[in-house]
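Chain by chain, the residues:
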Amino acid sequence: MAEIFELVREVASQRSTVLVQGESGTGKELVARAIHFSGDRGERPFVAVSCAALAETLLESELFGHEKGSFTGAVAQKKGKFELADGGTLFLDEIGDISPKLQVDLLRVMQERRFFRVGGTTEIAVDVRVIAATHRDLAADVREGRFRDDLFYRLNVIGVHIPPLRERIEDVPLLAQEFVDRLAHELGREVSGISEEALRLLMDHAWPGNVRELENALMRAAILARGTVIGPDHLVLGDEGPAGDDLSLASAVERH
């Protein structure tokens, strides 16, 4: 991770497109935000779009905007994410899930830095840095014809691969303490530390859900903890339930 953050510092003030790849929950958006806010675009907008969450027509309107009356339900003009991110960064999460048509449209706007709103006749120019992310192996998708090779090369100017948490288990103590400090403040709890036994459990866990799973586990623990230290009985890891107890989370909350 130290190497990744060194790369973040190197590319932060460049305009180059970045492709962040890694399993779900590894923190791809956090890396994208670090790139944006560490560079000279940090004062400009950071706009995020989940490409997997919307159907093709809705995603097209979300990205490029639309004119009033361009389709049923378009009761007013709407700016798209590219316009909203002008001067800043557009983060395209799960880029590997976009349709072939949108792959063509995205390639065009990245090459020409201009586009039309859906139903529009006026071309709009933008200055946007694109950071894309995916859990898929895009190189394999290119070989198998599911993703355009020209778009892949346009996106993958600078590639960042985030390893899963199980491959960097030495990061767990620092990440865990960071989460505890933040969550204690957000939840209004007095929790400030993690016991050695609880930390050993965290280090021994495989973390299939990666950093997101660790954060969720510590949020539950911070809620369950009565004192200032998170112990093993406060941890719910995977489907195991609290260490040494088959107590469900709902029952644990009710008990505490």
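## Considerations on the overall build of the chain
- Of the regular secondary structure elements, the chain holds 11 helices and 9 strands.
- Along the first, second and third principal axes, the C-alpha atoms of the chain reach 65 × 40 × 40 Å.
- Considering the chain as a whole, with its 256 residues, one finds that 47% of them fall into the buried category.
- At a minimum sequence separation of 6, the contacts of the chain that also span at least 24 residues come to 72%.

## A closer look at the environment of Ala-32
- In this fold, Ala-32 is placed in helix H2 (residues 28-38).
- Not counting residues up to four positions away in its chain, the partners in contact with Ala-32 are Phe-46, Phe-91 and Ile-131.

## Observations regarding the sheet that holds strand E3 (residues 89-93)
- Overall, parallel pairing links the 5 strands, which are arranged E2-E3-E6-E1-E7 in an open sheet. Strand pairing shows two members of the sheet lacking a second neighbour, strand E2 (46-50) and strand E7 (158-161), which therefore form its edges. Neighbouring strand axes in the sheet, compared pairwise and without regard to direction, differ in orientation by 20° on average.
- For strand E1 (residues 18-21) and E7, the ladder comprises 4 bridges, and the chain directions are parallel. Bridge pairing in E7 links Gln-21 to His-161.

## Quick look at the nonpolar core
- With 30 residues, the main nonpolar core has Phe-82, Leu-92, Ile-95, Ile-98, Leu-106 and Phe-147 as its most contacted residues.
- Those elements that place two or more of their residues in this core are E2, helix H3 (56-64), E3, helix H5 (100-112), strand E6 (129-134), helix H6 (138-143) and helix H7 (149-155).
- For this core, the leading source of residues is H5, giving 5 residues.
- Residues contacting Ile-98, with those up to four places away along its chain left out, are Cys-51, Leu-59, Gln-103, Leu-106, Phe-147 and Leu-151.

## Observations regarding the environment of Val-172
- With respect to the secondary-structure elements, Val-172 resides in helix H8 (residues 172-187).
- Taking the C-alpha atoms as reference points, Val-172 and Leu-214, 42 residues apart in sequence, are found 8.3 Å from one another.
- Setting aside its immediate chain neighbours within four residues, Val-172 contacts Leu-165, Leu-202, Met-203, Trp-207 and Leu-214.

## Section: the packing of aromatic side chains
- Summed over all chains, the structure comprises 6 aromatic pairs.
- Seen from their ring centres, Phe-46 and Phe-91 are 6.1 Å apart, and the 20° between their planes marks the pair as stacked. Taken together, the residues span a long stretch of sequence, with Phe-46 in strand E2 and Phe-91 in strand E3 at a distance of 45 residues. In this pair, the class of Phe-46 matches that of Phe-91, namely buried.
- Ring geometry for Phe-82 and Phe-115: centres 6.0 Å apart, planes at 45°, overall tilted.

## Thoughts on the packing of H8 against helix H9 (residues 196-204)
- For the pair H8 and H9, the least separation of the axes is 10 Å and the interaxial angle reads 120°. Viewed along their axes, H8 and H9 adopt a mutual orientation that is oblique. H9 is crossed by H8, and the crossing has right-handed handedness. Facing Val-172, Pro-173 and Ala-176 of H8, the residues of H9 in contact are Leu-199, Leu-202 and Met-203.
- Considering only residue class, the contact of H8 with H9 consists of 6 nonpolar, no polar and no charged.

## Here we look at the confidence of the model for the chain
- Averaged over every residue, the pLDDT of the chain is 89; the share at 70 or more is 93%.
- In the model, residues 241-247 has pLDDT below 50 throughout and makes 15 contacts with residues more than four positions away in sequence or in other chains.

## Here's the deal with the layout of surface pockets
- Here the largest pocket is characterised by a volume of approximately 640 Å³.
- Lining the largest pocket we find 24 residues, and of these Thr-26, Gly-27, Lys-28, Leu-30 and Val-211 sit closest to its centre.
- Secondary-structure elements contributing two or more residues to the lining of the largest pocket are helix H1 (2-11), H2, E3, H8 and helix H10 (210-224).
- Split into classes, the residues belonging to the lining of the largest pocket amount to 10 nonpolar, 4 polar and 10 charged.
- Approximately 190 Å³ is the volume found for the second largest pocket.
- The wall of the second largest pocket is formed by Arg-15, Ser-16, Thr-17, Phe-82, Val-109, Met-110, Arg-113, Val-126, Val-128, Val-130, Arg-154 and Val-157.

Definitions and limits used
Residues numbered from 1 in each chain as written. Predicted model: local features only at pLDDT ≥ 70, side-chain atom pairs only at ≥ 80, totals over all residues. Heavy atoms only, no water. Helix = DSSP H or I, 4+ residues; strand = E, 2+ residues; numbered from the N terminus. Buried < 20%, exposed > 50% of the residue type's maximum accessible area, 1.4 Å probe, protein only. Contact = heavy atoms within 4.5 Å. Pairing = 2+ DSSP bridges. Axes fitted to C-alpha atoms, helices over the stretch in contact; angles between N-to-C directions. Core = buried A, V, L, I, M, F, W, Y, C linked by side-chain atoms within 4.5 Å. Phe/Tyr/Trp six-rings, centres within 6.5 Å; stacked < 30°, edge-to-face > 60°. Parallel < 35°, antiparallel > 145°, perpendicular 65-115°, else oblique. Left-handed = near helix turned anticlockwise from the far one by under 90°. Nonpolar A, V, L, I, M, F, W, Y, C, P; charged D, E, K, R; others polar. pLDDT = per-residue confidence, 0-100. 1 Å grid on protein atoms, 1.4 Å probe; cavity = no way out; pocket = protein on both sides within 12 Å on 5 of 7 lines; lining within 4 Å. Points joined across faces, edges and corners; volume = space filled by probe spheres on them.

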